[in-house]
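Spelled out, the chains give:
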Amino acid sequence: VGMITLGSLVFDKQNLIKVDGETSLDDVLALMSRHNITYVVVEDNGKYCGFVSTMELMSEVAFGMFEWDKPNPDDFQVFKSSKTPVKNLLKLNPPEQSIYCFEPTELLQFVFEPMSQGIRRVLVSVREAGRTSYRSLSQFDVIRYIGTHISVLKGQSPVEIDETIEKLGLCSDIEKPASVNVILSTDSALQGFRTLSVNKLVAAPVVDSEGKVISTLSASDLRGLASENLKKVLLPTVEFLAQMRGEVMFPVTCVPSDTLKQCMAKIISAKVHRLWIVNGDQQPVGTLSVTDIIRLFKDKSKKCNECC
């Protein structure tokens, strides 16, 4: 079995987008929008301090930029300047904002451990023209690679992707659907972001009056916001999504009887990080995330000396 190294997953990726710790949140949001990215690396005196993603910006928008106790949206005022330096957000989610660095010669399985614990991206060093630079490898990159190289991985992580997600133990939370945090389509996007922030979620399903899932609200939907249009978050969630994305995108869902292969194909083709597991009434009863899938591959991975 050929051993898959991390260098082979990042060779065609762009170099990191870095910002100085003093950069304002407004400028960071503009940068994310311009490059269509959901995170930046914060640098201080040439040293990488951590990641700041739309997740941390969401917490700041949800709780830092609006008065918390004003009951009427018309009374909301942006009371905290978005000139806040980005370095102030470095301590919001220390585990997930930490930087994990890997060598290009290290094996793919080495990133399964941090990613199975919810680390969304790691850095892989690359030597170019005698200089070392870093490129980001995300959970989605890993899932996409696994999905297109499953036969190569068979020897290292023997997961039966033709089994149903229920049989593979990936639907454990559907016994308690009340544990699924949902956002009502009529709630303001600000309320939605607060729900995400309080529950430390990157995304949640948006449901209609019958509880059917109709879309997804994600921290990444903040891309394109700036202080001058920040009040858009006071719109009902569905209107906010229509303005930010140009359309209200239908959510990508699965059912417990879908195979892991089918679910991974949906994730890869839709470029999403999770599928909502739904019942026969299209109501969300659970979540299948890229973290869950990577954890399964980690649990099934053989030690390196067993597969070579």
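Residues numbered from 1 in each chain as written. Predicted model: local features only at pLDDT ≥ 70, side-chain atom pairs only at ≥ 80, totals over all residues. Heavy atoms only, no water.

Asks: Is there a simple way to explain the packing of helix α6 (residues 139-148) against helix α11 (residues 290-300) in this structure?
Replies: Think of two packed helices as two axes; the pair is described by the angle between the axes and how far apart they sit. Contact pair α6 / α11: the axes reach a minimum separation of 10 Å and the direction vectors enclose 55°. Our classification of the angle between α6 and α11 gives oblique. Viewed along their axes, α6 and α11 form a crossing whose handedness is left-handed. Across from Gln139, Val142, Ile143 and Ile146 in α6, the residues of α11 making contact are Val290, Thr291, Ile293, Ile294 and Phe297. Looking at side-chain class alone, the contact of α6 with α11 contains seven nonpolar, two polar and no charged residues. (Axes fitted to C-alpha atoms, helices over the stretch in contact; angles between N-to-C directions. Helix = DSSP H or I, 4+ residues; strand = E, 2+ residues; numbered from the N terminus. Parallel < 35°, antiparallel > 145°, perpendicular 65-115°, else oblique. Left-handed = near helix turned anticlockwise from the far one by under 90°. Contact = heavy atoms within 4.5 Å. Nonpolar A, V, L, I, M, F, W, Y, C, P; charged D, E, K, R; others polar.)

Asks: How do you make sense of the state of the cysteines when you look at a structure like this?
Replies: Here the structure, examined in full by the defined rule, presents zero disulfides. Unpaired in this structure, cysteine 171 has its nearest cysteine sulfur neighbour in cysteine 254, at a distance of 6.7 Å. (Disulfide = S-S within 2.5 Å.)

Asks: Please clarify how the sheet that holds strand β1 (residues 18-20) should be interpreted in this entry.
Replies: Hydrogen bonds between backbone atoms are what pair the strands of a sheet, whose relative direction is either parallel or antiparallel. One open sheet accounts for three strands, arranged β1-β2-β3; its pairing is mixed. Every other strand in the sheet has two partners, leaving β1 and β3 (47-53) as the edge strands with one partner each. The average undirected angle you get between the axes of adjacent strands in this sheet is 40°. Strand direction decides the pairing type here: β1 and strand β2 (residues 39-44), joined by three bridges, are parallel. Looking across to β2, one finds that aspartate 20 is bridged to glutamate 43. Here helix α2 (residues 25-35) sits on the sheet in contact with β1, β2 and β3, set at roughly 135° to β2. (Pairing = 2+ DSSP bridges.)

Asks: How should the side chain of serine 136 be read in this particular structure?
Replies: Tracing the backbone shows serine 136 in strand β6 (residues 131-138). A distance of 3.0 Å separates polar atoms of two side chains, one belonging to serine 136 and the other to tyrosine 39. (Polar contact = N/O pair within 3.5 Å; in protein donor to acceptor, adjacent residues only side chain to side chain.)

Asks: Would you mind showing me how to read the environment of asparagine 88 here?
Replies: Here asparagine 88 is to be found in the loop between α3 (54-64) and α4 (94-97). Judged by its relative accessible area of 49%, asparagine 88 falls in the partly exposed class. (Buried < 20%, exposed > 50% of the residue type's maximum accessible area, 1.4 Å probe, protein only.)

Asks: Would you mind going over helix α10 (residues 260-270) with me for this structure?
Replies: An α-helix turns once every 3.6 residues. As a result, residues three or four positions apart point the same way. For α10, the full list of buried residues reads Leu260, Cys263, Met264 and Ile267. Along α10, the residues classed as buried sweep out an arc of 95° about the axis, all on the same side. Buried positions along α10 lie against α6, β10 (253-254), β11 (274-278), β12 (284-289) and α11. (Arc of directions from axis to C-beta.)

Asks: How do you make sense of the pairing of strand β5 (residues 121-128) when you look at a structure like this?
Replies: Taken residue by residue, a regular strand's side chains alternate between the two faces of the sheet. For β5, a buried count of six out of eight residues is recorded, marking the element as mostly surrounded by other parts of the structure. The parallel pair strand β4 (residues 101-102) and β5 is bridged by helix α5 (residues 109-116), and the resulting crossover is right-handed. Across eight bridges, β5 lies against β6 in antiparallel orientation. Looking at β6, one finds that leucine 123 is bridged to serine 136. (Right-handed = clockwise from strand over helix to strand, strands pointing away.)

Asks: Can you help me understand the sheet that holds β5 in this one?
Replies: Taken in spatial order, the three strands line up as β4-β5-β6 in an open sheet, and their pairing is mixed. The open sheet terminates on both sides in strands that have one partner only, identified here as β4 and β6. Relative to β5, β4 runs parallel, the two sharing two bridges. Looking at β5, one finds that cysteine 101 is bridged to leucine 123.

Asks: Sorry if this is basic, but what is going on with the packing of aromatic side chains here?
Replies: What describes a pair of aromatic rings is the distance from one ring centre to the other and the angle between the planes of the rings. Under the defined criterion, the tally for this structure stands at three aromatic pairs. Arranged with centres 5.6 Å apart and planes meeting at 90°, the rings of phenylalanine 193 and phenylalanine 240 form a pair that is edge-to-face. Placement of phenylalanine 193 in helix α8 (residues 189-198) and of phenylalanine 240 in helix α9 (residues 237-245) is noted, with a sequence separation of 47 residues between them. When its relative accessible area of 0% is taken as the criterion, phenylalanine 193 is described as buried. The buried category is assigned to phenylalanine 240, whose relative accessible area is 0%. (Phe/Tyr/Trp six-rings, centres within 6.5 Å; stacked < 30°, edge-to-face > 60°.)

Asks: It is not clear to me how the nonpolar core should be interpreted in this structure. Could you clarify?
Replies: For soluble globular proteins, the rule of thumb is that nonpolar side chains tend to be buried together. Leu108, Val111, Leu137, Val142, Ile165, Leu260 and Phe297 are the most contacted members of the largest nonpolar core, which totals 41 residues. Elements with a minimum of two residues in this core: α1 (7-10), α5, β5, α6, α10, β11, β12 and α11. Non-local contacts of leucine 137, meaning those with residues more than four positions away in its chain, are made with Leu6, Leu9, Val10, Lys13, Val111, Met115, Arg120, Arg121, Val122, Val124 and Val142. Leu190, Leu217, Ala219 and Leu234 belong to the second-largest nonpolar core, a separate cluster that totals 21 residues. (Core = buried A, V, L, I, M, F, W, Y, C linked by side-chain atoms within 4.5 Å.)

Asks: I would appreciate a short explanation of α6 in the present structure.
Replies: Counting buried residues along α6, seven of its ten residues qualify, which places the element largely inside the surrounding structure. Inspection of α6 places Gln139, Phe140, Asp141, Val142, Ile143, Tyr145 and Ile146 among the buried residues, and these make up the whole buried set. Residues of α6 that are buried sit in contact with α1, α5, β6, α7 (150-153), α10 and α11.

Asks: Sorry if this is basic, but what is going on with the pattern of salt bridges here?
Replies: Proximity of charged atoms lets side chains of opposite charge pair with each other. Within this structure, the stated rule accounts for twelve salt bridges. The salt bridge involving aspartate 141 is made with lysine 13; its shortest N-O contact spans 2.4 Å. One end of the pair, aspartate 141, is in helix α6; the other, lysine 13, is in the loop between α1 and β1, and 128 residues separate them in sequence. On the basis of relative accessibility, which here comes to 9%, the residue aspartate 141 falls in the buried class. Between arginine 245 and aspartate 221 there is a salt bridge whose closest N-O contact spans 2.9 Å. Taken as a pair, arginine 245 in helix α9 and aspartate 221 in the loop between β9 (213-218) and α9 lie far apart in primary sequence, 24 residues in all. (Salt bridge = Lys/Arg side-chain N within 4 Å of Asp/Glu carboxyl O.)

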